[in-house]
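One-letter residues, chain by chain:
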Amino acid sequence: METSRGHAGARSWWALLGFGAAVAVAAAIGALGVRGTGAEYAALDRPAWAPPGWLFGPVWSLLYALIALAGWLVWRRVGIGAAFWAWVAQLALNAAWTPIFFGAGRYGSAFAEIVVLWLAIAVTVALFARVSRAATLLLLPYWAWVSYAAALNFAIWRLNP
């Protein structure tokens, strides 16, 4: 017979899978938004500091794993509350950016959206900092990459009116 402690442990691992699944859904939405857009990205006027298209997949794969782990760590400590909902909001905004930028080709709208995403990550980081140093640190590479992506989005918007 499983103890309540063992059950809680199993529940926690199932929750980690749930966080992974949520992030996978966001990634899938993004992937649908970029399907067949490699040539489009290559054809855009981009700043010299723009990364090659192949780099986005590996970077985002790592970042999504960190985002899932960070959310799970905070959930384990405080459950569903403000930090959790901030995590959900930034993930939804993350999923929305790619279809706006690539699917719709709305570079100005995508820039406005990524600014809101950046702010949502800032709120998430601030709330996570109250709960878990590890979770906060896991989100910092994501926040840095979104900062870079926002600058790149802005530059592409200006170069491709």
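Residues numbered from 1 in each chain as written. Predicted model: local features only at pLDDT ≥ 70, side-chain atom pairs only at ≥ 80, totals over all residues. Heavy atoms only, no water.

In the contact formed by helix α5 (residues 107–129) and helix α6 (residues 133–159), the axes pass within 9 Å of each other and the chain directions differ by 165 degrees. Considering their axes alone, α5 and α6 lie roughly antiparallel with respect to each other. Considering the relative orientation of α5 and α6, their crossing is left-handed. Looking at side-chain class alone, the contact of α5 with α6 contains 22 nonpolar, five polar and no charged residues. (Axes fitted to C-alpha atoms, helices over the stretch in contact; angles between N-to-C directions. Helix = DSSP H or I, 4+ residues; strand = E, 2+ residues; numbered from the N terminus. Parallel < 35°, antiparallel > 145°, perpendicular 65-115°, else oblique. Left-handed = near helix turned anticlockwise from the far one by under 90°. Nonpolar A, V, L, I, M, F, W, Y, C, P; charged D, E, K, R; others polar.)

This part covers the nonpolar core. Counting residues in hydrophobic clusters, the biggest one holds 47 residues, and the most contacted among them are Ile67, Phe101, Phe128 and Tyr142. Of all elements in the fold, only α1 (4–34), α3 (56–78), α4 (82–103), α5 and α6 reach the threshold of two or more residues within this core. With twelve residues, α3 is the largest single contributor of residues to this core. (Core = buried A, V, L, I, M, F, W, Y, C linked by side-chain atoms within 4.5 Å. Buried < 20%, exposed > 50% of the residue type's maximum accessible area, 1.4 Å probe, protein only.)

Position of Asn153 relative to the elements: it lies in helix α6. Under the relative-accessibility criterion, Asn153 is labelled buried at 1%.

Turning next to the UniProt feature "transmembrane region" (unreviewed entry) in the protein chain. Under the present numbering, the feature "transmembrane region" (unreviewed entry) in UniProt falls on residues 12–34, 54–75, 82–104, 110–129 and 136–157. The straight-line gap between the two end C-alpha atoms of residues 82–104 is 32 Å; of that span, 96% is helix and 0% is strand. With 100% helix and 0% strand, residues 136–157 has its two end C-alpha atoms placed 31 Å apart. (UniProt positions renumbered as here; feature names shortened; annotations may be inferred.)

To continue, consider the packing of aromatic side chains. Across all of its chains, the model carries 19 aromatic pairs by this definition. Aromatic pair Trp97 and Phe101: ring centres 4.7 Å apart, planes at 20 degrees, arrangement stacked. Residue Trp97 and its partner Phe101 are both found in helix α4; the two are separated by four residues, about one turn of the helix. In this structure, Trp97 and Phe101 share a single accessibility class: buried. (Phe/Tyr/Trp six-rings, centres within 6.5 Å; stacked < 30°, edge-to-face > 60°.)

For the rest of this paragraph, the subject is the packing of α3 against α6. Two elements in contact, α3 and α6, have axes whose closest approach is 8 Å; the angle formed by their N-to-C orientations is 140 degrees. For the element pair α3 / α6, the angle class is oblique. Pair α3 / α6 crosses with left-handed handedness. Residue-level inspection shows Phe56, Val59, Trp60, Leu63, Leu66, Ile67, Leu69, Ala70, Leu73 and Val74 of α3 in contact with α6, the latter providing Ala134, Ala135, Leu138, Leu139, Pro141, Tyr142, Trp145, Val146 and Leu152. Per-class residue counts for the contact of α3 with α6 are 19 nonpolar, no polar and no charged. (Contact = heavy atoms within 4.5 Å.)

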